[in-house]
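Each chain, letter by letter, is given below.
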Amino acid sequence: MTPCAVTTGFFTLGKCGQMAVAGCPACGRAVCADHLADGGLCPECAAARNRFGHPSAAAAARRRVYRQRQAQYYGDTVYYSSFDDYDRAAFEPGAAADQDYLDDGDDALVDS
Amino acid sequence: MHRAAYLAFDRFPSAKGSAVHIRHMAAELFDRYGGGLLCVLGGGELPAYQREGAVEIVRFTDVVPNLLDRAGAFSRWAADRLAPHRDTLEICHVRDPWGALPALSTGARLVYEANGLPSIELPYHWPLAAPSTLAKIRELEEHCLQEADAVVVPSRVILKAVADRGAEPDRVHLVPNGADPVPADVPRPPTAPGRYVIYVGALQPWQGVDVLLRAFARLADLTDLTLVVCSSVSPARARPLRRLAERLGVRIRWEHQLPHADVAAWLAHAELSVAPLTAGPRNLDQGCSPIKVWESMAAGTAVVASDLPVIREVLGDHGRLVPPDRPAELARAIRVLLEYPDACRDLGERARRHVEDGFTWKHARARLAGVYDRVEAH
Amino acid sequence: MFWRKQKAAIAGFHPLHQALILERGFAATHPAAEWAALAASLHRHTGLIRRSKWALPPRTMDVILPLLTEICEDLGPKGVLAVTADLRGIHVPAKSHPARSIPVRPPARSATETWSIDPWLRLHAGLRDGSGLDVLIVDRQRLRRVTKRGSSGKTKVKRKTQITQLIKVRRRLPRGVAGVRPQTAPPAWIGVTLRDGERRSVLAAAKLLRLPQSGDEQLDRILTVATETFRWTR
Ligand SMILES: [Zn+2]
Ligand SMILES: [Zn+2]
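Let us look at the structure shown here. Source: prediction; values computed, not measured.

## Here's the deal with the overall build of chain B
- Tallying secondary structure elements over chain B gives 15 helices and 14 strands in all.
- For chain B, with 378 residues in total, the buried portion stands at 61%.

If you want it as structure tokens, here you go:
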């Protein structure tokens, strides 16, 4: 038997595990009869295509939005981790306007 | 357990104007909330931890070379410092996004004191910063300003910049900087030259010190006159300007990183104080409330300054305005004022009274207290 | 007869749905299937009920319902979820302590402080991984009335209120599972304690100094505090 590979649970994430009856045409994961969403897709793939007819697709969509927002709570203090290497390169010590400014580190971002 | 915290991505204490500002604003906050936690940058000889009565000072001392990384590390560090006080913390007062982010995550009320905006000031020091990077930084500012319960600004110019970033108008409050009155009989600094014109402050490009040096080169015939530059930064960082002064043959005296308490005497005994700010976006779009101008006024010394909205707000008609970035005009204004010492003294006197009547730090603190009242009532 | 159709519709609703309409709260313990039946009944509400007196209490559809739906996902076939919801709001007289006077400084003449405590949601769930999950949400309001005499001699009364919210979650760990501090720290607004003992538990608590401004935000906050307790095991 091939077990259903759809993730269930909100806090305790686990595979569904019931007997699969089909493979999701989009991602190939095994899906049981209970988890077959619109178009024979798995709930995640159905949600990604805005097809919320099946309750577990709606749940998958809600969870994705929630997880994104939650990442923000955890990332609040590191919000700027969205700065990539390209952004950061301009702030390496060698990139300052005036090399003479470096010896006692002008940490202040603004001056009163 | 503290009820209040003040966070600044600035070294404190230091010879810079920001340090004066932090001292007064934090004092108001901590007086009101029976002490509190001050999170600032350390370095040099400053201790990482210090306790003064009910105020705890903690300093960020990690060496992180990249500025963005350093700012991020400061935020994470500050979040950890705030965490133990989460249950009791009622209010956080910050000066920049790097302090605002950890403050916001505590759920306490946030007062954001916007003296400057990194998205405007950073490119001066970091010219390689891409527009897309500055846009991200601006986004960060907008996020913090919009989340703040109150935004405190020192000038109308920055008030507009803050409003452009989505801060709600009824939450933005004007609290101009100030200066403490200087006693009329403050003794002359023993090493002061005979007659001198003074510049006090930092040496960033927008301060226009190069314009002042070029203007002074045109006053070479006034052989008894010296230019005194009280630099809040070290000699090494003044190197480019020192080289320029040498090339121009300016009679100049450098005083580096004087204790703030000594500056007043230097100001009080100067013939004139000059604030030659340039007309760049930093001064035009962002604005400031230059402490050097307030302190010159409080010392009763006439001020010659660039004609910019931010300066007009401070100086009103109690000083002499000249077009920015024009050494010849600045030189002319200095020469004319020096020829009429009575008028000059009168200008200084009026400026002093103007400060004493409404713009001492005591007044600034009272205005800030009003902001806290409103935040608490909300 | 007035409202006959709507009364008939209410009679056909799930009993807990009826309790929400008529008593603005309920206390019940059920397996996932029964909570799903309540959800189905609630979804029919807006189509059938117009009378404002019978409207669902605030927080029903945007907080309680999605919260129960998510928790039911974790119940497992034998698990049950117990819920006590009191959605009457903080202004019900029974929720206020008597006012007491507090010291004042002139020009204030007298002042009183009244605390109201509203524990509006409490739930317990036995999850499929063997954890026991408890959630408690309490709104607390402080009302200060200050009597002042103005310069004209007129007496004025000023009112100041402050509402905070406490979200407390306890996860009793499954037998034999140890708690571990996660790699990344929790958000600063959540405090977490790991409790040792016969059955270990993880406690996560958040005190919000302002109430969430929307149902989404409220739900996010509750789920975030609850999820935090699941980051503390390997
Ligand atoms: Zn799929
Ligand atoms: Zn399945």
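Here the narrative resumes.
## A closer look at the coordination of the zinc ion (ligand 2)
Residues and elements named next belong to chain A.
- Taken together, the protein ligands of the zinc ion (ligand 2) are Cys4 (SG), Cys16 (SG), Cys32 (SG) and His35 (ND1), with distances of 2.0 to 2.4 Å.
- Considering all 4 donor atoms around the zinc ion (ligand 2), angles at the metal cover 106 to 117 degrees and the coordination shape is tetrahedral.
- Motif for the zinc ion (ligand 2), donor spacing along one chain: C-x11-C-x15-C-x2-H. Separated by 12 residues along the polypeptide, Cys4 in the segment before strand E1 (7-8) and Cys16 in the loop between strand E2 (14-15) and strand E3 (20-23) bring together distant segments of the chain. Each member of the pair Cys4 and Cys16 is classed as buried.

## Some words on the sheet that holds strand E12 (residues 272-275) of chain B
All names here are of chain B.
- Ordered by their spatial adjacency, 6 strands build an open sheet running E11-E10-E9-E12-E13-E14, and the pairing between neighbours is parallel. With partners counted over all chains shown, the strands left at the sheet margins are strand E11 (252-256) and strand E14 (320-322), one partner each. The mean angle between the axes of side-by-side strands here comes to 25 degrees, regardless of whether they run parallel or antiparallel.
- Pairing analysis gives 3 bridges linking strand E13 (residues 303-306) to E14, with the strands arranged parallel. Looking at the pairing, Val304 lines up with Arg320 of E14.
- Strand contacts of helix H9 (residues 260-268): strand E9 (195-201), strand E10 (225-231), E11 and E12, with the helix running at about 140 degrees to E9, the strand carrying the most contacts.

## Some thoughts on the coordination of the zinc ion (ligand 1)
Residue and element names in this part refer to chain A.
- Cys24 (SG), Cys27 (SG), Cys42 (SG) and Cys45 (SG) make up the full set of protein donors to the zinc ion (ligand 1), lying at 2.3 Å.
- Each of the 4 donor atoms around the zinc ion (ligand 1) contributes to a set of angles spanning 103 to 114 degrees, which defines the coordination as tetrahedral.
- Each donor residue of the zinc ion (ligand 1) lies on the same chain, and together they follow the pattern C-x2-C-x14-C-x2-C. Residue Cys24 is found in the loop between E3 and strand E4 (30-32), and its partner Cys42 is found in the loop between E4 and helix H1 (43-48); the two are separated by 18 residues along the sequence.
- The buried category is assigned to Cys24, whose relative accessible area is 3%.
- Residue classification places Cys42 among the buried residues on the basis of a relative accessible area of 0%.

## Things to note about the layout of surface pockets
Residues and elements named next belong to chain C.
- Within this model, the largest pocket holds a volume of roughly 1,300 Å³.
- A per-element tally of the lining of the largest pocket places strand E6 (residues 155-172) first, with 6 residues.
- Of the residues assigned to the lining of the largest pocket, the class counts are 15 nonpolar, 4 polar and 16 charged.

## Considerations on the pattern of salt bridges
- Applying the stated criterion to the full structure yields 35 salt bridges over all chains.
- We note a salt bridge from Asp87 of chain B to Arg86 of chain B, for which the minimum N-O separation is 3.5 Å.
- On the basis of relative accessible area, Asp87 of chain B is assigned to the partly exposed category, the value being 42%.
- Of the charged contacts in the structure, one is a salt bridge between Arg210 of chain C and Asp149 of chain B, with a shortest N-O distance of 3.0 Å. Linking Arg210 of chain C in the loop between strand E8 (201-208) and helix H6 (215-228) with Asp149 of chain B in the loop between helix H5 (131-147) and strand E7 (150-153), this pair reaches from one chain into another.

Basis of the calculations
- Residues numbered from 1 in each chain as written.
- Chains lettered and ligands numbered in written order.
- Predicted model: local features only at pLDDT ≥ 70, side-chain atom pairs only at ≥ 80, totals over all residues.
- Heavy atoms only, no water.
- Helix = DSSP H or I, 4+ residues; strand = E, 2+ residues; numbered from the N terminus.
- Buried < 20%, exposed > 50% of the residue type's maximum accessible area, 1.4 Å probe, protein only.
- Donors = N, O, S within 2.8 Å, 3.2 Å for Na, K, Ca; no water.
- Tetrahedral: all angles 85-135°; square planar, octahedral: opposite > 155°, others 65-115°.
- Pairing = 2+ DSSP bridges.
- Axes fitted to C-alpha atoms, helices over the stretch in contact; angles between N-to-C directions.
- Contact = heavy atoms within 4.5 Å.
- 1 Å grid on protein atoms, 1.4 Å probe; cavity = no way out; pocket = protein on both sides within 12 Å on 5 of 7 lines; lining within 4 Å.
- Points joined across faces, edges and corners; volume = space filled by probe spheres on them.
- Nonpolar A, V, L, I, M, F, W, Y, C, P; charged D, E, K, R; others polar.
- Salt bridge = Lys/Arg side-chain N within 4 Å of Asp/Glu carboxyl O.

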